[in-house]
There are 2 protein chains.
Amino acid sequence: MLIYQATASAPVNIACIKYWGKRDTKLILPTNSSLSVTLDQDHLRSTTTSRADPTFKKDRLWLNGTEEEIKAGGRLATCIAELKKQRRQVEENHPNIPIISNYAVHICSHNNFPTAAGLASSASGFAALVASLAALYKLPATPSELSLIARQGSGSACRSLMGGFVAWEKGVREDGSDSLAIQIAPREHWPDLHAVIVVVSDHKKGTSSTAGMQQTVETSALLQHRINHVVPARMTAISEAIKAKDFDKFAKITMQDSNQFHAVCLDTEPPIFYMNDVSRAIIALIVEYNRVSVAATGHLKAAYTYDAGPNAVIYAPAANIPEIINLIAHYFPQNQTFSDPFKLFTNQVPGKLPFPEGFNTQVVKKAEEGAVKGLIHTRVGDGPRVLSDSESLLGTNGLPISLA
Amino acid sequence: MLIYQATASAPVNIACIKYWGKRDTKLILPTNSSLSVTLDQDHLRSTTTSRADPTFKKDRLWLNGTEEEIKAGGRLATCIAELKKQRRQVEENHPNIPIISNYAVHICSHNNFPTAAGLASSASGFAALVASLAALYKLPATPSELSLIARQGSGSACRSLMGGFVAWEKGVREDGSDSLAIQIAPREHWPDLHAVIVVVSDHKKGTSSTAGMQQTVETSALLQHRINHVVPARMTAISEAIKAKDFDKFAKITMQDSNQFHAVCLDTEPPIFYMNDVSRAIIALIVEYNRVSVAATGHLKAAYTYDAGPNAVIYAPAANIPEIINLIAHYFPQNQTFSDPFKLFTNQVPGKLPFPEGFNTQVVKKAEEGAVKGLIHTRVGDGPRVLSDSESLLGTNGLPISLA
């Protein structure tokens, strides 16, 4: 018996120019273009197996072992329907291939990072879903073409369809056909760009980004200025910085745009706060770390950015990562051991190394253990990968292996 | 022997439309107009005695018992010189009055609120200095004319030269002669407007407002839009709200402008944060308190505003103050007793009263004792008062009584 299935993994991406606001909430068309770095799926990924089978009664989906409802007209249903439609066109154009577009599908997805880490999983999740169905259906679509589908699942998912440095062009057409992701540069162009994710504890349930961004669109007096005047110039400038591997320029724009995203959240009615006192303290550390470096060498060493939550993501050239991890581990003692995937601390303990000369140690107060839950060290990565059947998340019975 | 002296007190003011940015740092000319409520100096005030005497060797000033240097060309020297100059003109026009403009002055000033409360004292302090010297010199100047001098001591001081609701018009002239305070309405127009100051603990030394506002002018991509488009409309709208005693409109604009002021601080490079997690929690309480009220009656009950620090000021009609104090005292247990100047809690304890019906008590977590240091209940107040000589802060020897 032939099994029609494919498994794919897709990466997380973290924006340098932030997406905040939709001009069309159904098609998920943004008010401004955005740009992100794709992170290495060796460390953080969503993996999805999709199978089409004539015995399946209806489309079903499991996420991290729990079945999720595929609501009619919802985002999942929209993506699945669009991919089936593209398969149908392929079948019409190639009469010799199997007709599977009319089979129901079972989809099983898993994130290798805990939800409690506070990392948005919708981008990697929808990217893996689209990549696995595209592989199952052997669609001839390019990553940019697939990004049009992923975008309708979760806006930022479109940027996880490729590796390296990825722009989501907002587009101008009403049907959204030009609102897609394009690769500015592949990971191989600037493999030295690393990232540290600082997982910050938070007691408060934040505003969801879906609800928050539309509140900002409706009430912020500053957002239109950002959309019309600030972001277009920054998109051009940061693309140039990436092409030139100019970390100073990249870092400056990345920090400016993180600040401005949180500024328009604060300018919302009622105001939205995603950063907390720990997030602010990490900014103060990075500002001081850069101040000392600029005074000594004229160059920035790190760039912080914050999404719709308290976690920091710090981009930096690989050589600076040990200093950065040491600084954060010193001020934010953790109750879990740093996993150290790049073996930076074989003979030392993060937090116990000397600080850069001239660093003002009073800039932040040392926090109690647990204010930062953990550190994840990763780097720029590649786009979705199609995996072998040995990685399948579905058993021969068409149900998740994890539930067997 | 004749003693030439006068004592005056001046009030604190808290802006609803925020002053943030100078177009001329020497003359203290702002980038945008602002508007404040003058608070009652029965509760919070600066008191200043000024004396002119032929035996004094040089101008001297004591603030809260400590002598401060009057730097040549500095803000204090500028204000004193301008007032002496105006006295000289009076002397030239009225040959029969005593010539005292050439005497050195001793100035003694005292704030009745502790510096640790984190309330800016420069506004009330410079207003009291200008008012006391103007009384000493018997200047025929109007409060608006005196506000031109106080402005050069500390920008927001110009708004403490009158009571009630006061606009500081930014002006357009290069010499600053039209950048002055005007009264929108006296306290008697809307005496029902009360205020609660929530004094929030802070470990972090914040950016001074003088330095911070110019960093924003130099680096924020959003500030110009605020200055040119947002503030002018809000100045008109809030003046109308005050004239109509429309608390809903007043509250909405006040909260919007507090949010936007902190938003442009965040949009600064490096970002400036004045609010901390406790400030944010107080916002969440007021937002929920208003939500419940709007659902029940269609009306807002309170408006928060934050200056360049973590303290909240909550404006509300007098009738709502017990509920507001109860809410804050419940979530932020204090280690000092509420002084209760209006005798609201004669039979109850703040923090132990029932909440408004429908209030979501989970919106904020109860803080540990001391996160809020204290509450000050006050209301809209009058402008500077000239006091009798029995209130003098200077002894017969011309030195502060407090040092005797």
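Reading guide: rules and limits
- Positions within a chain are numbered from 1, following the residues in the order the chain's sequence is written.
- Naming scheme: in the order in which they are written, chains are lettered from A and ligands are numbered from 1.
- Only residues with pLDDT of 70 or above have their local features reported here, since the model is predicted, and side-chain atom pairs are shown and tallied only from 80 upward, although totals for entire chains, interfaces and linings are computed over all residues.
- Only hydrogens and water are set aside; all other atoms, that is, all heavy atoms of the structure, feed into the side-chain values.
- Every definition here rests on a 1 Å grid over the protein atoms only: cavities are sets of points where a 1.4 Å probe fits but cannot get out, pockets are open sets enclosed by protein on both sides within 12 Å along at least five of seven lines, and lining residues have some atom within 4 Å of a point.
- Grid points are joined across faces, edges and corners, and a volume is the space filled by probe spheres set on the points.
- Helix and strand assignments come from DSSP, with helices taken as H or I runs of at least 4 residues and strands as E runs of at least 2, each series counted from the N terminus.
- Classification used: nonpolar for Ala, Val, Leu, Ile, Met, Phe, Trp, Tyr, Cys and Pro, charged for Asp, Glu, Lys and Arg, polar for all others including Gly.
- Note on pairing: two strands pair once DSSP finds at least 2 bridges between them.
- A fitted line through C-alpha atoms serves as each axis, taken over the contacting stretch for helices, and the angle formed by two N-to-C directions is quoted from 0 to 180°.
- Here, two residues are considered to be in contact whenever any of their heavy atoms come within 4.5 Å of each other.
- Any residue under 20% of the maximum accessible area for its type is buried, any over 50% is exposed, and the rest in between are partly exposed; the area is computed with a 1.4 Å probe on protein chains only.
- UniProt positions are given in the numbering used here, feature names are shortened, and annotations may be inferred rather than shown by experiment.
- Domain start and stop points were drawn from an automatic or database domain assignment.
- Two parts placed together each lose some accessible area; with a 1.4 Å probe, that loss summed over both constitutes the buried area.
- Working definition: a ring pair exists when centres of Phe, Tyr or Trp rings (six-membered ring for Trp) sit within 6.5 Å. Plane angles under 30 degrees give stacked, over 60 give edge-to-face, the rest tilted.
- For this document, the term salt bridge refers to a Lys or Arg side-chain nitrogen within 4 Å of an Asp or Glu carboxyl oxygen.

S.K.: How would you sum up empty space enclosed by the protein? Please name residues and give values.
M.R.: By the definition in use, this model includes three cavities of 30 Å³ or more. Approximately 180 Å³ is the volume found for the largest cavity. Lining the largest cavity are 15 residues, and of these Leu266 and Phe273 of chain A together with Leu266, Phe273 and Arg280 of chain B lie nearest its centre. Looking at the lining of the largest cavity, the elements with two or more residues in it are α6 (247–266) of chain A together with α6 (247–266) of chain B. Per-element accounting of the lining of the largest cavity gives the leading share, three residues, to α6 of chain B. Grouping the constituent residues of the lining of the largest cavity by class yields 11 nonpolar, two polar and two charged. Space inside the second largest cavity adds up to approximately 50 Å³.

S.K.: Any details on the sheet that holds strand β14 (residues 312–317) of chain A? Residues and values, ideally.
M.R.: Residues and elements named next belong to chain A. An order of β13-β14-β12-β15 is seen for the four strands of this open sheet, with the pairing classed as antiparallel. Both edges of this open sheet fall to β13 (303–306) and β15 (372–379), since each of them pairs with a single strand only. Direction aside, the axes of adjacent strands within the sheet are offset by 20° on average. Judged from the seven bridges that link them, strand β12 (residues 193–200) and β15 form a sheet pairing that is antiparallel.

S.K.: So, the environment of isoleucine 242 of chain A: which residues are in play, and what are the values?
M.R.: Residues and elements named next belong to chain A. Here isoleucine 242 shows up in helix α5 (residues 223–243). Expressed as a C-alpha distance, the spacing of isoleucine 242 and alanine 185, which sit 57 residues apart in the sequence, is 7.4 Å. If we skip the residues at most four places from it in the chain, isoleucine 242 touches Leu35, Phe165, Ile184, Ala185, His189, Trp190 and Phe250.

S.K.: Talk me through helix α3 (residues 143–153) of chain B; I want residue IDs and the actual numbers.
M.R.: Residues and elements named next belong to chain B. Counting buried residues along α3, nine of its 11 residues qualify, which places the element largely inside the surrounding structure. Listed in full, the buried residues belonging to α3 are Ser144, Leu146, Ser147, Leu148, Ile149, Ala150, Arg151, Gln152 and Gly153. Looking at the buried residues of α3, the elements they touch are β4 (29–30), α1 (75–93), α2 (122–136), β10 (165–168) and β11 (181–185).

S.K.: So what's going on with the sheet that holds strand β5 (residues 34–38) of chain B? Residues and values would help.
M.R.: Pairing between the strands of a sheet comes from backbone hydrogen bonds, and it takes one of two forms, parallel or antiparallel. Residue and element names in this part refer to chain B. Taken in spatial order, the four strands of this open sheet run β2-β5-β10-β11, and their pairing is antiparallel. Both edges of this open sheet fall to β2 (13–17) and β11, since each of them pairs with a single strand only. Ignoring strand direction, the axes of neighbouring strands in this sheet form an average angle of 35°.

S.K.: How would you sum up the UniProt feature "domain: Mvd1 C-terminal" (unreviewed entry) in chain A? Please name residues and give values.
M.R.: UniProt's entry tags residues 195–387 of chain A with the feature "domain: Mvd1 C-terminal" (unreviewed entry), counted in the numbering of this structure. As a span, residues 195–387 of chain A carries 44% helix and 14% strand, and end to end its C-alpha atoms are 25 Å apart.

S.K.: Give me the domain arrangement of chain A: which residues, what numbers.
M.R.: Residues and elements named next belong to chain A. By domain assignment, chain A separates into domain 1 (4–187 + 387–403) and domain 2 (193–379). Computed from C-alpha atoms alone, the centre-to-centre distance between domain 1 and domain 2 is 28 Å. Every contact between the two is made by 32 residues of domain 1 and, on the other side, 44 residues of domain 2. In total, about 2,900 Å² of surface goes out of reach between domain 1 and domain 2, with carbon and sulfur atoms giving 70% of it. Three residues stand out in domain 1 for area buried against domain 2, namely Ile17, Lys18 and Trp20, and they jointly supply 29% of the buried area on that side.

S.K.: For the packing of aromatic side chains, give the residues involved together with the corresponding values.
M.R.: Residue and element names in this part refer to chain A. For the coordinates displayed, the defined rule picks out 25 aromatic pairs over all chains. Ring geometry for tyrosine 4 against tyrosine 103: centres 6.5 Å apart, planes inclined by 50°, an arrangement best described as tilted. Of this pair, tyrosine 4 sits in strand β1 (residues 4–11) while tyrosine 103 sits in the loop between α1 (75–93) and β9 (104–111); the two residues are 99 residues apart in sequence, bridging distant segments of the chain. Three or more aromatic residues joined by ring pairs make a cluster, and in this case those are Phe165, Trp190, Phe247, Phe250 and Tyr315.

S.K.: Residue-level account of the interface of chain A and chain B, with values.
M.R.: If you look at the interface, chain A gives 30 residues, while chain B gives 30 residues. Both faces combined, the contact of chain A with chain B buries some 2,500 Å², and carbon together with sulfur accounts for 61% of it. Three residues stand out in chain A for area buried against chain B, namely Leu222, Leu266 and Arg280 of chain A, and they jointly supply 24% of the buried area on that side. Where chain A packs against chain B, one counts two salt bridges. If you list the elements that add at least two residues to the side of chain A that touches chain B, you get α5, α6 and α7 (277–297) of chain A. Here the element with the most residues in the side of chain A that touches chain B is α6 of chain A; it accounts for eight residues.

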